[in-house]
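Residue-level listing of the chains:
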Amino acid sequence: MVISLIGYMGCGKSHISKILSDKINFRLIDLDKEISRRNKLTIPEIFEKKGEIHFRKLEREALEEILASEENTVLSLGGGTPVYYNNMEIINHSSKSIFLRASVATLYERLSKQKEKRPLIANITDEDLPEFIAKHLFERNVFYGKAQFSVNTDSRDPEDIVQEIVEKLYL
């Protein structure tokens, strides 16, 4: 089984995937880290040097390869991964998908401290960030909503979130 964690940047995918993979003894793959490793560039460098369209092609290739070849794996996906091509259909066909939901307020609180690491928001002012997040979330929720399971992450202990995921997958 592959468990794919999806959701907007800052919702906790990386943190939750680490705890989840440790708890159930699954391999952990972070799609962005895998793309960086394969291309010997950071995600911001890929965006800067080759553009978002090129990045999305690399992302799609890596996603397909991982889903076709992995077992007993927790896959942490980038926030935009489900939005492009027919990625969400492939994710649902080849894995158990979990949407980690977070409110705009929670996402703003987390992302305002990480802007330099996030190419899509690096140049957005703190004042404009909540509106950007809300608009983006509205557009992406159509895709995130196709996940097989959904878990709220607002003001929750990561261990409780992981326990809820385990219960949803194994009961």
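Calculation notes
- Residues numbered from 1 in each chain as written.
- Predicted model: local features only at pLDDT ≥ 70, side-chain atom pairs only at ≥ 80, totals over all residues.
- Heavy atoms only, no water.
- Bend = angle between axes of the 7 residues up to and from the residue.
- Helix = DSSP H or I, 4+ residues; strand = E, 2+ residues; numbered from the N terminus.
- Buried < 20%, exposed > 50% of the residue type's maximum accessible area, 1.4 Å probe, protein only.
- Contact = heavy atoms within 4.5 Å.
- Core = buried A, V, L, I, M, F, W, Y, C linked by side-chain atoms within 4.5 Å.
- Salt bridge = Lys/Arg side-chain N within 4 Å of Asp/Glu carboxyl O.
- Expected span 1.5 Å × (residues − 1).
- Arc of directions from axis to C-beta.

A. Representation of helix α6 (residues 129-144). Phe 138 marks where α6 bends most, by close to 35 degrees. Buried within α6 are the following residues: Leu 129, Ile 133, His 136, Leu 137, Arg 140 and Tyr 144. Looking at the packing, one finds that the buried side of α6 touches β1 (2-6), α3 (43-69), β4 (96-101) and α5 (104-111).

B. Examining the nonpolar core more closely. If you look at the biggest cluster of nonpolar residues, it comprises 50 residues, and the most contacted ones within it are Ile 3, Leu 75, Leu 100 and Ile 165. Ranked by residues supplied to this core, first place goes to α3 with 9 residues. With residues near it in sequence (within four places) discarded, Ile 165 still touches Leu 5, Ile 16, Leu 20, Ile 98, Leu 100 and Val 151.

C. Just unusual backbone geometry, in detail. Unlike most non-glycine residues, Asn 25 shows phi in positive territory, near 60 degrees. Here Asn 25 is to be found in the loop between α1 (13-24) and β2 (27-30). Relative accessible area serves as the criterion here: at 69%, Asn 25 is assigned to the exposed category. Backbone geometry places Asn 72, a non-glycine residue, at a positive phi of 45 degrees. The residue Asn 72 is located in the loop between α3 and β3 (73-76) in this model. Using a relative accessible area of 40% as the deciding quantity, one classes Asn 72 as partly exposed.

D. View of the pattern of salt bridges. Under the defined criterion, the tally for this structure stands at 13 salt bridges. As a salt-bridge pair, Glu 52 and Arg 56 come within 3.0 Å of each other at their nearest N and O atoms. Remark: Arg 56 and Glu 52 occur in helix α3; sequence separation between them is 4 residues, near one turn of the helix. The buried category is assigned to Arg 56, whose relative accessible area is 5%. A salt bridge links Arg 60 to Glu 64, with the nearest nitrogen and oxygen atoms 3.1 Å apart. Of this pair, Arg 60 and Glu 64 are both found in helix α3, 4 residues apart, which corresponds to roughly one turn of the helix. Judged by its relative accessible area of 36%, Glu 64 is partly exposed.

E. View of helix α7 (residues 158-170). Helix length check: α7, at 13 residues, gives a terminal C-alpha distance of 18 Å against a target of 18 Å (1.5 Å per residue), a fit within 8%. Looking at α7, one finds that the buried residues are Ile 161, Val 162, Ile 165, Val 166 and Leu 169. Taken around the axis of α7, the buried residues stretch over an arc of 140 degrees, which confines them to a single face. Buried residues in α7 make contact with β1, α1, β4 and β5 (149-152).

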